[in-house]
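Here are the chains, one letter per residue:
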There are 2 protein chains.
Amino acid sequence: MQMSKLISSVREAIEKTGLRDGMTISFHHHMRNGDFVLNMVLEQAAEMGIKDLTVNASSIFDIHEPIIEHIKNGVVTGLECNYMGGKVGKAISQGILEKPVIFRSHGGRAGDMENGSSKIDIAFLAAPCADNMGNCSGKYGPSACGSLGYAFSDAMHADKVVVLTDNLVPYPLKDTSINEGYVDYVVEVPQIGDPARIVSGTTKITRDPVGLRIAGLAAQVVKHSGYLKDGFSFQTGAGGASLAVAKYVEEMMEKENIKGSFCMGGITGYMVDMANKGYFDTILDVQCFDLKAIESIRENPKHQEISAMRYASPAAKSAAVDSLDVVILGATQVDVNFNVNVHTDSNGFIMGGSGGHCDTAAGSKLAIIVAPLIRARLPLIVDEVLCKSTPGETVDVVVTQRGIAVNPKQKELKEKLLKAGLPVKDIEELKQIAEDIAGVPNKIQTGDKVVAQVLYRDGTLLDTIKNVL
Amino acid sequence: MQMSKLISSVREAIEKTGLRDGMTISFHHHMRNGDFVLNMVLEQAAEMGIKDLTVNASSIFDIHEPIIEHIKNGVVTGLECNYMGGKVGKAISQGILEKPVIFRSHGGRAGDMENGSSKIDIAFLAAPCADNMGNCSGKYGPSACGSLGYAFSDAMHADKVVVLTDNLVPYPLKDTSINEGYVDYVVEVPQIGDPARIVSGTTKITRDPVGLRIAGLAAQVVKHSGYLKDGFSFQTGAGGASLAVAKYVEEMMEKENIKGSFCMGGITGYMVDMANKGYFDTILDVQCFDLKAIESIRENPKHQEISAMRYASPAAKSAAVDSLDVVILGATQVDVNFNVNVHTDSNGFIMGGSGGHCDTAAGSKLAIIVAPLIRARLPLIVDEVLCKSTPGETVDVVVTQRGIAVNPKQKELKEKLLKAGLPVKDIEELKQIAEDIAGVPNKIQTGDKVVAQVLYRDGTLLDTIKNVL
């Protein structure tokens, strides 16, 4: 008997796993805005007349816009994610879903699955390569995405697990990330995603002078914080300004001959280059952002795939974020208590989510928010954020082009930055500067309907998001 | 705050984890007969006056002889393992432990931890390298053992996990097998084991003519079974006769230009060479047996570490054994119903255990037992085995130097072997030949005390072992 878990279609997967009304299905987001799998499964479920599904996706992107119709038709009645792009976000903010969306962080989602508070009936894994028993990896194939970090929890904790792949390889897959022990069925499909949108070709450093000014100041904060020394560990985002911080940090490391320990997070070619040049000993990778990162995770033994659990979960006995020195993070709003909003824009529409924001802020020794003081004619700093995505207690410094605010809890750090001659200002002062330029913004009119609950990484309710009128 | 899980001693680990009377502690056996960790922990527990412990060790070797005193002193009152060497086995067979030993298979142990029927309070992991947060691996360091395959279940399911290492490296360990998310404490100790006894320098093919004759016949069985073709997968042991089978199989693969898929099991340099020569595409390794295997798992991307769960657990949705074509296994006794004993010698004394025996027999398409027809003047084949370690239903062929017995269930296979001119005999006939030479053995006198229960891989009771008078 030649065993195989290969079945012929998404329809057969839905039938064999027993998907029915009321169940929770999960997806991971390594295919990012090129993902075909979430839409494929929902379309099939809708065709089969299944209703009342809860979708738990580590992230929802604009490509997942068809979910709006499925919500309107009652196919999807619950939505849980760590991040939501603007298209679906806007519809949610308009109140199309009866139950509030549940937002978690990357670490919190893994933790809630681990501790059983988030129950998944069926996980659908987009796998850039897999064998017929379900051993799979993101490293190889036309839809390669590199790390499958966020999919581990789904695989390990869902009742049933279906692997969808467009690159079926002979058993056993050689460099397995998620193994057959967790997988029930394998479906070969023509394409799990659009390679051009799964990853960026290259991620580029910003040329915007405001972005460069902010990055330069942030790098100075890193330098004078005292953490930039041998053994330094670092996380930064894939945005142009975040990469500029990395560039300036690299220049300082070169100058002072500093050898870091690890860099982490969504990984870009820029971080790969820094590791290859010897500035970091190891790369811990929960998600690849560009082609160079994918090539590196495939070939460079210093570049390790890690699960969301290992990356950031508070349910783990420790996570890598707990050993992180410095993280560079963004914000749409920061309030005078250093609380950060990354869930909504300044008008209250959902267009983001925590991802690893609150996880890394909580775990790292130094969490630096970088953002322009004014965006779309609206001040960054407000009296109270529209959504508390990351608690102010975990945020250490806010860097804008017009000055740096240090959390009052960090007295010593503030002294160091002042001594270094950096433009440290009170956060109220920064707020005033912004309002002097852009005016005091009108108060956002939100409705009474709670359209989203934001859970903190430990599962407690951090905030709610109301509909926008 | 620089986080660290590093504590100063085994004593402190016992205190911090709250080890107390009545608890179950676990150990893995990759240090084999060079392991210092089990003895170290028990000695400390005894010194601290802790009693009534159950020890769940994946295997007990002769080096663990001090456990006999701990049993006599009431420090250890329960023992669970997959294999037990002759020294401790003899004492158990003499009835020193009140409660029966619980024997499992390698897959069954992992499965019982996974499904919660085997509960571990504190796992002590011998780690050839680790960082201060508990990321660890068996691949590097003076006590390198290669794969840590059997330790994954302990790490993932024990309430508390203590890593003991003699090779503390900077955070984060680069090539992590078991990650910090599962680890509570790390203890640096002078030595976790005796390198000379952890692995063999090299494992060698037998020169014994009887062994070679058996191996030659077994290889013929493989050849004529029909499984020896492209995609062939294979497991064999580290014993000299098992390696001889591998050698003959390799010669046939070379001659017929066959490209196998994977080899598996405890891995020896011989299997590594076969993979490197292209006869196998991949090595799935739950345990390394010699230095060459350790070097290979460290450096060869074709050589993958797998957990016991992935290797053989019936609680996994599938395990690698389920895709295995052919396994070569040993036996101390085989009965006329093809049941195999690997737990006791012919006198009834415990000196072994299933390990992966019943797992691979159940999973593989062709399970071949190789053993001399007479050993220490006693016939291999008996009316009823003293202990049913592997059920006859899962055993396909028994190969001895005097002939080959095929399980009557395998009619087609028997035809093929007969057609090939192999010396196929009825198992009763083989038994008669042995008795004609060695005489009918005296019936073993066992007592009334059950000294061990043998659980099958699915957790059901397969047999019991009585004390020897």
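What counts and how
- Numbers given to residues run from 1 along each chain, matching the order in which its sequence is written.
- In the order they appear in the text, chains get letters beginning with A and ligands get numbers beginning with 1.
- For a predicted model such as this one, the threshold for reporting local features is a pLDDT of at least 70, and the threshold for listing and counting side-chain atom pairs is 80 or more; totals across whole chains, interfaces and linings nevertheless cover every residue.
- Processing note: side-chain calculations cover all non-hydrogen atoms of the structure and skip hydrogens and water entirely.
- Burial classification: accessible surface area is computed with a 1.4 Å probe over protein chains only, and a residue below 20% of its type maximum counts as buried, one above 50% as exposed, and the rest as partly exposed.
- A run of DSSP states H or I qualifies as a helix once it reaches four residues; a run of E qualifies as a strand once it reaches two. Both are numbered from the N-terminal end.
- What makes a salt bridge here is a side-chain nitrogen of Lys or Arg within 4 Å of a carboxyl oxygen of Asp or Glu, nothing more.
- By definition here, a helix of n residues has an expected span of 1.5 Å times n minus one.
- By definition, residues are in contact when any of their heavy atoms lie within 4.5 Å.
- Throughout this description, a polar contact denotes any pair of N or O atoms lying within 3.5 Å of each other; where both atoms belong to protein, one of them has to be capable of donating a hydrogen while the other can accept it, and for residues adjacent in sequence the pair is counted only when both atoms sit in side chains.
- Throughout the structure description, domain borders are defined by an automatic or database domain assignment.
- For two strands to be treated as a pair, DSSP must find no fewer than two bridges joining them.
- The convention used is that axes are lines fitted to C-alpha atoms, helices contributing only their stretch in contact, and that angles between N-to-C directions extend from 0 to 180 degrees.
- Roughly parallel here means an angle under 35 degrees, roughly antiparallel means over 145, roughly perpendicular means 65 to 115, and every remaining angle is called oblique.
- Note on convention: near helix rotated counterclockwise from far helix by under a right angle means a left-handed crossing. Clockwise means right-handed.
- Summed over both partners, the accessible surface that disappears when two parts come together, traced with a 1.4 Å probe, is what is meant by buried area.
- Pairing of aromatic rings covers Phe, Tyr and Trp, the last through its six-membered ring, and needs centres within 6.5 Å; plane angles under 30 degrees mean stacked, over 60 mean edge-to-face, and all others mean tilted.
- In our convention, an over-ring charge means Lys NZ or Arg CZ found within 6 Å of a ring centre and within 35 degrees of that ring's normal.
- Only residues with pLDDT of at least 70 in both copies count here: their C-alpha atoms drive the least-squares fit that superposes the copies.

Q: Hey, could you run me through helix 2 (residues 37-47) of chain A in this one?
A: Because each turn of an α-helix spans 3.6 residues, side chains separated by three or four positions end up pointing in the same direction. All buried positions along helix 2 of chain A are accounted for by Val37(A), Leu38(A), Asn39(A), Val41(A), Leu42(A), Gln44(A) and Ala45(A). Looking one or two places after helix 2 of chain A, you find Gly49(A), whose phi comes out positive at around 80°.

Q: I tried to follow the pattern of salt bridges on my own but got confused; where do I start?
A: Oppositely charged side chains are able to pair whenever their charged atoms sit close together. Residues and elements named next belong to chain A. Evaluated as defined, the whole model comprises 40 salt bridges over all chains. Among the salt bridges present, the one from Lys292 reaches Asp273, with a minimum N-O distance of 2.8 Å. A residue pair is termed long-range when its members are at least 10 positions apart, and Lys292 in helix 11 (residues 291-299) and Asp273 in helix 10 (residues 269-276) qualify at 19 residues. Overall, Lys292 belongs to the partly exposed group, its relative accessible area being 39%. Ionic pairing is found between Lys365 and Asp325, a salt bridge with its closest N-O pair at 3.0 Å. With Lys365 in the loop between helix 13 (357-363) and strand 18 (366-370) and Asp325 in the loop between helix 12 (308-312) and strand 15 (326-329), this residue pair connects regions lying 40 residues apart in the sequence. Here Lys365 matches Asp325 in class, with each residue buried. Ionic contacts of the salt-bridge type, sharing partners, join the residues Glu80, Arg104 and Asp112 into one network.

Q: I'm lost on helix 15 (residues 427-438) of chain B in this one. Help?
A: Residue and element names in this part refer to chain B. The terminal C-alpha atoms of helix 15 lie 16 Å apart, and with 12 residues this matches the ideal 16 Å at 1.5 Å per residue to within 8%. Those residues of helix 15 lying buried are Ile427, Leu430, Lys431, Ile433, Ala434 and Glu435. Buried residues along helix 15 sit in contact with strand 16 (333-335), strand 19 (374-375), strand 20 (378-379), strand 21 (381-382), strand 22 (397-400) and strand 23 (403-406). Where helix 15 begins, one side-chain oxygen reaches toward the backbone nitrogen of Glu428, 3.1 Å away; that side chain belongs to Asp426. Taken from the residues just after helix 15, Gly439 is the one with a positive phi, measuring 85°.

Q: How should the domain arrangement of chain A be read in this particular structure?
A: By convention, interface size is frequently given as the accessible area that disappears when the constituent parts associate. All names here are of chain A. If you check the domain split of chain A, you get domain 1 (6-197) and domain 2 (209-445). Centre-to-centre, using C-alpha coordinates, domain 1 lies 29 Å away from domain 2. With 33 residues of domain 1 in contact, the opposing surface of domain 2 contributes 30 residues. Our count for the contact surface shared by domain 1 and domain 2 stands at 0 salt bridges.

Q: Can you walk me through the pairing of strand 2 (residues 24-27) of chain A in this structure?
A: Remark: a regular strand shows side chains that alternate across the two faces of the sheet. Residue and element names in this part refer to chain A. The alternating pattern of strand 2 places Thr24 and Ser26 on one face and Ile25 and Phe27 on the opposite face, and all of these are buried. Relative to strand 6 (residues 122-127), strand 2 runs parallel, the two sharing 2 bridges. Note on strand 6: the bridge partner recorded for Ser26 is Ala123.

Q: Hey, could you run me through the packing of helix 1 (residues 10-17) of chain B against helix 2 (residues 37-47) of chain B in this one?
A: Axis angle and axis distance: for two packed helices, these are the angle between their axes and the distance between the axes, and together they describe the pair. Residue and element names in this part refer to chain B. Viewed as axis vectors pointing N to C, helix 1 and helix 2 meet at an angle of 70°, and their least axial separation amounts to 9 Å. Overall, the two elements helix 1 and helix 2 adopt an arrangement that is roughly perpendicular. Viewed along their axes, helix 1 and helix 2 form a crossing whose handedness is right-handed. Contact with helix 1, carried on its side by Val10, Arg11 and Ile14, involves Met40, Val41, Gln44, Ala45 and Glu47 of helix 2 and no other residues of that element.

Q: Is there a simple way to think about the environment of Ser26(B) in this case?
A: Residues and elements named next belong to chain B. Structurally, Ser26 is set in strand 2 (residues 24-27). Given the relative accessible area of 0%, Ser26 is considered buried. Separated by 403 residues in the primary sequence, Ser26 and Glu429 have C-alpha atoms spaced 45 Å apart. Excluding residues that lie within four positions of it along the chain, Ser26 makes contacts with Asn56, Arg109, Ile120, Ile122, Ala123, Phe124 and Asp154.

Q: Help me understand the interface of chain A and chain B, please; the structure alone is not making it clear to me.
A: Taken together, the contact between chain A and chain B spans 40 residues of the former and 40 residues of the latter. For the pairing of chain A and chain B, the buried interface totals around 3,000 Å² over both sides, and the portion due to carbon and sulfur atoms is 47%. For the chain A face of the interface with chain B, the top three residues by lost area are Lys174(A), Arg310(A) and Lys317(A), together amounting to 24%. Our count for the contact surface shared by chain A and chain B stands at 4 salt bridges.

Q: Got a minute to help me understand the packing of helix 10 of chain A against helix 11 of chain A in this structure?
A: Residue and element names in this part refer to chain A. Here helix 10 crosses helix 11 at 45°, and the two axes come no closer than 7 Å. By the angle between their directions, the pair helix 10 and helix 11 is classed as oblique. Residue-level inspection shows Gly269, Val272 and Asp273 of helix 10 in contact with helix 11, the latter providing Lys292, Ala293 and Ser296.

Q: Sorry, what's going on with the sheet that holds strand 16 (residues 333-335) of chain A here?
A: Neighbouring strands of a sheet are bound in pairs by backbone hydrogen bonds; such pairs are parallel or else antiparallel. All names here are of chain A. Pairing within the open sheet is mixed, and its 3 strands lie in the order 17-16-21. In this open sheet, the two strands that pair with only one neighbour each are strand 17 (340-341) and strand 21 (381-382). Note that strand 16 and strand 21 share 2 bridges and pair parallel. Bridged to Val334 within strand 21 is Ile381.

Q: Where do I start with the packing of aromatic side chains in this structure?
A: Aromatic rings in a pair are described by how distant their centres are and how their planes are angled relative to each other. Scanning the model with the defined rule gives 12 aromatic pairs over all chains in all. Seen from their ring centres, Phe61(B) and Tyr83(B) are 5.7 Å apart, and the 40° between their planes marks the pair as tilted. Of this pair, Phe61(B) sits in the loop between strand 3 (53-57) and helix 3 (67-72) while Tyr83(B) sits in the loop between strand 4 (76-81) and helix 4 (86-93), and the two are 22 residues apart along the sequence. One aromatic cluster is present, built from ring pairs that chain together Phe232(A), Phe234(A) and Phe280(A). It is Lys90(A) that lies over the ring of Phe349(A); its NZ or CZ is 5.9 Å from the centre.

Q: Help me out: how do you make sense of unusual backbone geometry in this one?
A: Residue and element names in this part refer to chain A. Across the junction of Tyr171 and Pro172, the peptide omega takes the value -10°, indicating a cis bond. Within the secondary structure layout, Pro172 lies in the loop between strand 9 (160-165) and strand 10 (185-188). At Arg377, a position not held by glycine, the phi torsion is positive, near 65°. For Arg377, a relative accessible area of 65% corresponds to the exposed category.

Q: When you look at the relation of the copies chain A and chain B in this model, what are you seeing that I'm missing?
A: Turning one copy of the chain about an axis and sliding it along that axis gives the other copy, so a rotation and a shift relate them. Superposing chain A onto chain B takes a rotation of 180° plus a shift of 0.0 Å along the axis, which leaves an RMSD of 0.0 Å. Viewed as a symmetry operation, the transformation between the two copies matches a two-fold axis. Judged by C-alpha distance, Pro301(A) is the residue of chain A that lies nearest the rotation axis, at 4.9 Å. A shared binding surface is used by both copies, with 100% of the interface residues of chain A retained as interface residues in chain B.

Q: Would you take a moment to explain the sheet that holds strand 22 of chain B for this structure?
A: All names here are of chain B. In spatial order, the strands read 14-13-12-11-15-18-22-23; together these 8 strands make up an open sheet with mixed pairing. At either margin of the open sheet sits one strand with a lone partner, and together these are strand 14 (303-305) and strand 23. Sheet topology places strand 22 next to strand 23; 4 bridges connect them, and they run antiparallel. Across the sheet, residue Thr400 finds its bridge partner in strand 23, namely Gly403. Set on the sheet, helix 14 (residues 411-419) makes contact with strand 18 (366-370), strand 22 and strand 23; between it and strand 23 the angle comes to about 155°. In the packing of helix 15 onto the sheet, contacts are made with strand 22 and strand 23, and the angle to strand 23 comes to roughly 145°.

Q: Teacher, can you tell me more about the side chain of Asn467(A) here?
A: Residue and element names in this part refer to chain A. With respect to the secondary-structure elements, Asn467 resides in strand 25 (residues 461-468). In this structure Asn467 comes out as buried when scored by relative accessible area, which is 11%. A distance of 3.3 Å separates the side chain of Asn467 from the backbone nitrogen of Asp448, its partner in a polar contact. Residues in contact with Asn467, not counting those within four places in the same chain, are Ser93, Thr446, Gly447, Asp448, Lys449 and Val451.

Q: Please explain the pairing of strand 22 of chain B as it appears in this structure.
A: All names here are of chain B. Side-chain alternation along strand 22 places Val397 and Val399 on one buried face and Val398 and Thr400 on a second face that is also buried. The pairing of strand 18 with strand 22 spans 3 bridges and is classified as parallel. Bridge pairing links Val370 to Val399 in strand 22. Linking strand 22 back to strand 23 in an antiparallel pair, the connection comprises 2 residues.

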